[in-house]
Amino acid sequence: MQVTETLSQGLKREYDISLPASDLAAKLNGQLADLKKKVRINGFRPGKVPVEHLRKVYGKSVMADVVQEAIADANRKIVDDNHLRLAREPKIELPADQAVIDAALEARGDLNFKVALEVLPVFEVGNFAEISLERLTADVEEADVDAALDRLAEERRAYTEKPEGATAENHDRLTIDFDGTIKGEAFEGGMGRDIEVVLGSNTFIPGFEEQLLGVAAGEKRTIHATFPDAYAVRALAGQTGDFDVTVKAVAQREPLAIDDEFAKGIGFESLDRLKDMIRARIASDFARASREKMKRQLLDRLDALYSFELPEGLVNQEFDAIWGQVVREQQASGRSFADENTTEEAARADYRKIAQRRVRLGLLLAEVGTKADVKITDEEMTQALIARARSFPGQEKQVWDFYRNNQQAMVELRAPIYEEKVVDHILGLARVEERKVSKDYLMKPVDDDLPTLAAAEPPPAIEAEPPAD
């Protein structure tokens, strides 16, 4: 085997490989000799099949395996001899002339092919003690606990249907059907049947509930409401929808005492114990939001501190995934780049920067994890798998078996766990100062690089996300 480097530019490498016909023939003969001991063919005793007969029957398929193995050996030799760390699998370019390939498969001619690959960049990790970060904290106020308790009570409140002809007032519960359109076109999540809405709860998009005040059972009403600019489904953000609503029932709420008896009815010893649980859950939500913001701070700092050449293939791969998401959202919403006050060219440039950031930070965190010898235990993977399985009630076994039998799925499950452990490692080295802020400031969502895609089976789109307890 002859290996000749033809390109070494930045992170790109290219090689010409030549496999002599004599080497291919020797490998083929070795494979056929092994096959002779195992194969059974009618008319021949075991182990007595002539090699030439095997060559006629199996030669081409065996040679295909020989060539594939030889190419893999060549790739390994390139990596090992040059001490390379690959960014992606090598790209193999075989001769365009089929006659040349056929000659190689018959060991009548040499096999010449090209290998193109990209290597990982080499960079110094640096001293994370120089990074300063803020850990934002907020106190859990009694008003927060009371508000969460009120929401919990409302979920369990009983309602009584109003008499025929009675109109809806604030705090009444309506059962409605609706069909929504935007600019005359139906949209995903814009239809609902037997949907319950409590007027004044602000669980639907702004303006929707207010326009149902005064309706009676059996009445139909057309409502115009605008999705918030920060709506989770980006395709609907800022859009005005027209909703044809049919009111099927109007019910008024029954009095509800929030006391020890109420707490016992949902499994707590007393109202104080219920409040303790709510307080702890809010504190947990605050801690999670604090970590998200500190992690975003850290990633922004790292992105500003580190600059190194990126493997073009990885960037292209990440960009293609991002751009595919953008295109799918546009197709679903019917919106264009002009609707977003931009152009396709400008959008591509922006999303490529996002792809570059993601690849840069991914390579950096991987290098930090390697140098710090960050490990994920079997117990951590098992707990993650259990959590994933539990997120699909009734399908736990199928989900468990899918991950256990799918190595790529396990890799994808492992990746976020590894990332969080590497982030924890860096945070342990950085200088972190606490700063007290308001609850609203702490819980304000962190702007992500990309909007979150709608769920595969989204709820009716006019329902707003419920506030955290």
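Residues numbered from 1 in each chain as written. Predicted model: local features only at pLDDT ≥ 70, side-chain atom pairs only at ≥ 80, totals over all residues. Heavy atoms only, no water.

Colleague: Explain the overall build of the protein chain to me, using residue names and the numbers behind them.
Modeller: Helices and strands together make up the secondary structure of the protein chain, namely 12 helices and 11 strands. Looking at the protein chain as a whole, 36% of its 469 residues are labelled buried. Working note: accessible area of the protein chain is about 27,700 Å², and carbon and sulfur atoms make up 49% of it. (Helix = DSSP H or I, 4+ residues; strand = E, 2+ residues; numbered from the N terminus. Buried < 20%, exposed > 50% of the residue type's maximum accessible area, 1.4 Å probe, protein only. Areas by Shrake-Rupley, 256 points an atom, 1.4 Å probe, with all protein chains shown as cover.)

Colleague: Go over the environment of isoleucine 92, please, and point to the residues and values.
Modeller: Assignment of secondary structure puts isoleucine 92 in strand E3 (residues 91-93). For the pair isoleucine 92 and isoleucine 71, spaced 21 residues apart in the sequence, the C-alpha separation amounts to 8.5 Å.

Colleague: Let's hear about the pairing of strand E10 (residues 240-253): which residues, and what values?
Modeller: For strand E6 (residues 159-161) and E10, the ladder comprises three bridges, and the chain directions are antiparallel. Within E10, the position partnered with glutamate 161 by the bridge is alanine 251. The pairing of strand E7 (residues 173-182) with E10 spans nine bridges and is classified as antiparallel. The residue bridging aspartate 177 from the neighbouring strand is threonine 246, located in E10. For strand E9 (residues 220-226) and E10, the ladder comprises seven bridges, and the chain directions are antiparallel. Looking at the pairing, isoleucine 223 lines up with phenylalanine 243 of E10. (Pairing = 2+ DSSP bridges.)

Colleague: I'd like to hear about the pattern of salt bridges, residue by residue, with values.
Modeller: Oppositely charged side chains may form a pair once their charged atoms are brought near each other. Under the defined criterion, the tally for this structure stands at 38 salt bridges. Among the salt bridges present, the one from aspartate 276 reaches arginine 279, with a minimum N-O distance of 3.0 Å. Note that aspartate 276 and arginine 279 are positioned in helix H6 (residues 271-305) at a spacing of three residues, about one turn of the helix. Given the relative accessible area of 25%, arginine 279 is considered partly exposed. Several salt bridges converge on common partners, so that one network encompasses Glu142, Glu269, Arg273, Asp276 and Arg279. (Salt bridge = Lys/Arg side-chain N within 4 Å of Asp/Glu carboxyl O.)

Colleague: Give me the packing of aromatic side chains: which residues, what numbers.
Modeller: Taken as a whole and assessed by the stated rule, the structure comprises 13 aromatic pairs. Their ring planes at 5° and their centres at 4.1 Å tell us that phenylalanine 123 and phenylalanine 308 sit as a pair that is stacked. Of this pair, phenylalanine 123 sits in the loop between strand E4 (111-118) and strand E5 (132-137) while phenylalanine 308 sits in the loop between H6 and helix H7 (312-333), and the two are 185 residues apart along the sequence. In terms of burial, phenylalanine 123 and phenylalanine 308 fall into one category: buried. Pairing phenylalanine 178 with phenylalanine 208 gives two aromatic rings, centres 6.3 Å apart and planes at 70°, and the pair type is edge-to-face. Separated by 30 residues along the polypeptide, phenylalanine 178 in strand E7 and phenylalanine 208 in the loop between strand E8 (185-198) and E9 bring together distant segments of the chain. Both residues of the pair, phenylalanine 178 and phenylalanine 208, belong to the buried class. We note arginine 352 situated over the ring of phenylalanine 319; from NZ or CZ to the ring centre the distance is 4.7 Å. (Phe/Tyr/Trp six-rings, centres within 6.5 Å; stacked < 30°, edge-to-face > 60°. Lys NZ or Arg CZ within 6 Å of the ring centre and 35° of its normal.)

Colleague: Can you explain the packing of helix H9 (residues 378-390) against helix H11 (residues 407-429)? Please cite residues and give values.
Modeller: Angle between the axes and distance between the axes: these two values describe a pair of packed helices. Running from amino to carboxyl end, H9 crosses H11 at an angle of 115°, the nearest separation of the two axes being 10 Å. The way H9 lies across H11 gives a crossing that is right-handed. Across from Glu380, Met381, Ala384, Leu385 and Arg388 in H9, the residues of H11 making contact are Met410, Leu413, Arg414, Ile417 and Lys421. (Axes fitted to C-alpha atoms, helices over the stretch in contact; angles between N-to-C directions. Left-handed = near helix turned anticlockwise from the far one by under 90°. Contact = heavy atoms within 4.5 Å.)

Colleague: Explain the sheet that holds E4 to me, using residue names and the numbers behind them.
Modeller: Reading across from one edge, E1-E2-E4-E3 is the order of the four strands in this open sheet, with antiparallel pairing throughout. Each end of this open sheet is capped by a strand with a single partner; those strands are strand E1 (2-9) and E3. Each adjacent strand pair in this sheet contributes to an overall mean axis angle of 20°, direction not counted. Pairing of strand E2 (residues 12-19) with E4 involves eight bridges; the strand directions are antiparallel. Residue pairing across strands places serine 18 opposite asparagine 112, the latter belonging to E4.

Colleague: Would you mind going over the confidence of the model for the protein chain in detail, with residue names and values included?
Modeller: Summarising the model, the protein chain shows a mean pLDDT of 87, and 89% of its residues fall at 70 or more. Between residues 449-469, whose pLDDT stays under 50, and residues either more than four places distant or in other chains, the model counts 56 contacts. (pLDDT = per-residue confidence, 0-100.)

Colleague: Which residues make up the packing of H6 against helix H8 (residues 344-371), and what values go with them?
Modeller: The contact between H6 and H8 brings their axes to 10 Å, and the two run at 95°. One finds that H6 runs roughly perpendicular with respect to H8. The segment H6 lies against H8, with Arg296, Leu299, Asp300, Leu302 and Asp303 engaging Arg357, Arg360, Leu361, Leu364 and Leu365. (Parallel < 35°, antiparallel > 145°, perpendicular 65-115°, else oblique.)

Colleague: Break down unusual backbone geometry for me, with residues and values.
Modeller: Positive phi is not limited to glycine here, since lysine 183 has a value of about 55°. For lysine 183, the position within the fold is in the loop between E7 and E8. Since its relative accessible area comes to 71%, lysine 183 is described here as exposed.

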